[in-house]
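The residues making up each chain are set out below.
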Amino acid sequence: MIRDEHQAYIRSDLSNIMKEVVRSSNHLGCGMEFEAVNGYLLQSLFLQMTGAQEQKMKCICWELATDDLKYRYERYYKGWNLSECSTLKDKSQVYEDLVSAIKKKDSGYNVFADPNAINLFRDEIKNCITNVFENTNIVASKKKQYETFLLVFSNINSNNITPSDKLIFKNGDKNYPVDKATSDTELFAIYSLLYTHRNRCAHNTPSYQLNLPNLVDLRNENYQKYDNIFLFYAVLLMIDKIFRKLYSKYNGSVEKS
């Protein structure tokens, strides 16, 4: 029974959390009364989505370990080293584990057959975001950020996404992911800001820090472009859909064998 619950959870769409929160927010109207709560609402939604995804990573590892005793030994008995599965590095390790398990049964498998498939995937994520947020009080309150999201995300290069069996997004400069971002490493840069925001919200660091942007960041065009809550939601949905696609393939292979 517990395994069935794990599998159902892995297959569940992270966008359902987003839809539920946005539907609820529409009852609050579009006036000044909504401005007072919008920041808290977006932060709460972000934390729910990041938390759910981190738990999903752990469930995937547990499922792989249930089917493969060698993997169980390597991943658990030698010592769990993926922490909360919150970093892109940790999620990429789970991605590598899952792809490896699939290729044991189907050596020729690729997550996306060609760049066109990746572009279609990107557009599906963008459409999901627009279908949820378009004409809502949230967008009315964050219009500039939303317009920036549409512009940036629509032009994400396919080279960013699943460049190998070991990487969800192509790695950029680890020390300066935003400053030195290229057209091939934009998602890596966005995730670095997403992770910073995740830690800031999860540990409530604004409670003892001045809520002021760094002047260097204010001058940084990439920072202003990528530090965007709608981009963060889209990247989380991207990762979620990639893992759901992989897990569906893996589970089908296990059932056949």
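Residues numbered from 1 in each chain as written. Predicted model: local features only at pLDDT ≥ 70, side-chain atom pairs only at ≥ 80, totals over all residues. Heavy atoms only, no water.

What to know about the overall build of the protein
Link 1 in the chain: A count of helical and extended segments in the protein gives twelve helices and zero strands.
Link 2 in the chain: Secondary structure of the protein in N-to-C order comes out as α-α-α-α-α-α-α-α-α-α-α-α.
Link 3 in the chain: Its C-alpha atoms put the protein at 60 × 40 × 40 Å along the principal axes.
Link 4 in the chain: When burial is assessed residue by residue, the protein has 44% of its 257 residues classed as buried.
Link 5 in the chain: Within the protein, counting contacts between residues at least 6 apart in sequence, those at least 24 apart form 78% of the total.
Link 6 in the chain: Accessible surface for the protein amounts to roughly 13,700 Å². Of this, 50% is attributable to carbon and sulfur atoms.
Link 7 in the chain: Side-chain charges in the protein split into 33 positive and 31 negative, and the spacing between the mean points of these groups amounts to 3 Å. (Helix = DSSP H or I, 4+ residues; strand = E, 2+ residues; numbered from the N terminus. Buried < 20%, exposed > 50% of the residue type's maximum accessible area, 1.4 Å probe, protein only. Contact = heavy atoms within 4.5 Å. Areas by Shrake-Rupley, 256 points an atom, 1.4 Å probe, with all protein chains shown as cover. Lys, Arg positive; Asp, Glu negative; His and termini not counted. Charge placed at Lys NZ, Arg CZ, Asp CG, Glu CD.)

As for helix H12 (residues 229–256)
Link 1 in the chain: Under the 1.5 Å per step criterion, the end-to-end length of H12 is 41 Å for 28 residues, consistent within 8% with the ideal 40 Å.
Link 2 in the chain: The distance from a side-chain oxygen at the start of H12 to the backbone nitrogen of Phe230 is 2.9 Å, and the residue carrying that oxygen is Asn228. (Expected span 1.5 Å × (residues − 1). Polar contact = N/O pair within 3.5 Å; in protein donor to acceptor, adjacent residues only side chain to side chain.)

With respect to the packing of aromatic side chains
Link 1 in the chain: Applying the stated rule across the entire model yields 13 aromatic pairs.
Link 2 in the chain: Aromatic pair Tyr146 and Phe149: ring centres 6.1 Å apart, planes at 40°, arrangement tilted. Of this pair, Tyr146 and Phe149 are both found in helix H8 (residues 143–154), three residues apart, which corresponds to roughly one turn of the helix. The same class applies to Tyr146 as to Phe149, namely buried. (Phe/Tyr/Trp six-rings, centres within 6.5 Å; stacked < 30°, edge-to-face > 60°.)

Examining the packing of helix H6 (residues 115–133) against H12
Link 1 in the chain: Orientation of H6 relative to H12, taken along the N-to-C sense of each, is 125°, at an axis distance of 10 Å. Taken together, H6 and H12 sit at an angle that is classed as oblique. With respect to the hand of their crossing, H6 and H12 are arranged in right-handed fashion. The segment H6 lies against H12, with Phe121, Arg122, Glu124, Ile125, Cys128, Ile129 and Phe133 engaging Phe230, Tyr233, Ala234, Leu237, Met238, Lys241 and Ile242.
Link 2 in the chain: In terms of residue class, the contact of H6 with H12 is built from eleven nonpolar, no polar and three charged. (Axes fitted to C-alpha atoms, helices over the stretch in contact; angles between N-to-C directions. Parallel < 35°, antiparallel > 145°, perpendicular 65-115°, else oblique. Left-handed = near helix turned anticlockwise from the far one by under 90°. Nonpolar A, V, L, I, M, F, W, Y, C, P; charged D, E, K, R; others polar.)

Some remarks on unusual backbone geometry
Link 1 in the chain: Positive phi, close to 50°, is recorded for Ser83, a residue that is not glycine.
Link 2 in the chain: Within the element layout of this structure, Ser83 appears in the loop between helix H4 (69–77) and helix H5 (88–103).
Link 3 in the chain: The phi dihedral of Cys85 is positive, around 60°, even though this residue is not glycine.
Link 4 in the chain: Following the sequence through the fold, Cys85 ends up in the loop between H4 and H5.
Link 5 in the chain: Given a relative accessible area of 0%, Cys85 falls into the buried group.

Examining the side chain of Asn137
Link 1 in the chain: By the secondary structure assignment, Asn137 is in helix H7 (residues 137–141).
Link 2 in the chain: At 2.7 Å, the side chain of Asn137 forms a polar contact with the backbone oxygen of Ser25.

Structural notes on the environment of Glu147
Link 1 in the chain: Structurally, the position occupied by Glu147 is in helix H8.
Link 2 in the chain: In this structure Glu147 comes out as partly exposed when scored by relative accessible area, which is 45%.
Link 3 in the chain: C-alpha separation for the pair Glu147 and Asn81, spaced 66 residues apart in sequence, amounts to 39 Å.

Some details on the environment of Gly51
Link 1 in the chain: Relative to the helices and strands, Gly51 is located in helix H3 (residues 32–67).
Link 2 in the chain: Take Gly51: its relative accessible area is 25%, and that puts it in the partly exposed class.
Link 3 in the chain: In this structure the C-alpha to C-alpha distance between Gly51 and Val37, which are 14 residues apart in sequence, comes to 21 Å.

Looking at the confidence of the model for the protein
Link 1 in the chain: Counting all residues, the mean pLDDT for the protein is 91, and 93% of those residues have values of 70 or more.
Link 2 in the chain: Looking at the elements of the protein, mean pLDDT is at its lowest for helix H10 (residues 215–219), recorded as 65, and at its highest for H5, recorded as 97. (pLDDT = per-residue confidence, 0-100.)

What about the state of the cysteines?
Working definition: the covalent bond between the sulfur atoms of two cysteines is a disulfide.
Link 1 in the chain: For the structure on display, the rule yields zero disulfides.
Link 2 in the chain: Here Cys59 is not cross-linked by a disulfide; its sulfur's nearest cysteine counterpart is in Cys61, at 9.4 Å.
Link 3 in the chain: Judged by its relative accessible area of 11%, Cys59 is buried. (Disulfide = S-S within 2.5 Å.)

A look at the nonpolar core
Link 1 in the chain: In terms of nonpolar packing, the biggest core is built from 76 residues, with Met18, Phe133, Tyr233, Ile242, Phe243 and Leu246 touching the most fellow members.
Link 2 in the chain: The element contributing the most residues to this core is H12, with 16 residues.
Link 3 in the chain: Residues in contact with Phe243, not counting those within four places in the same chain, are Met57, Ile60, Lys91, Val94, Tyr95, Leu98 and Ile168. (Core = buried A, V, L, I, M, F, W, Y, C linked by side-chain atoms within 4.5 Å.)

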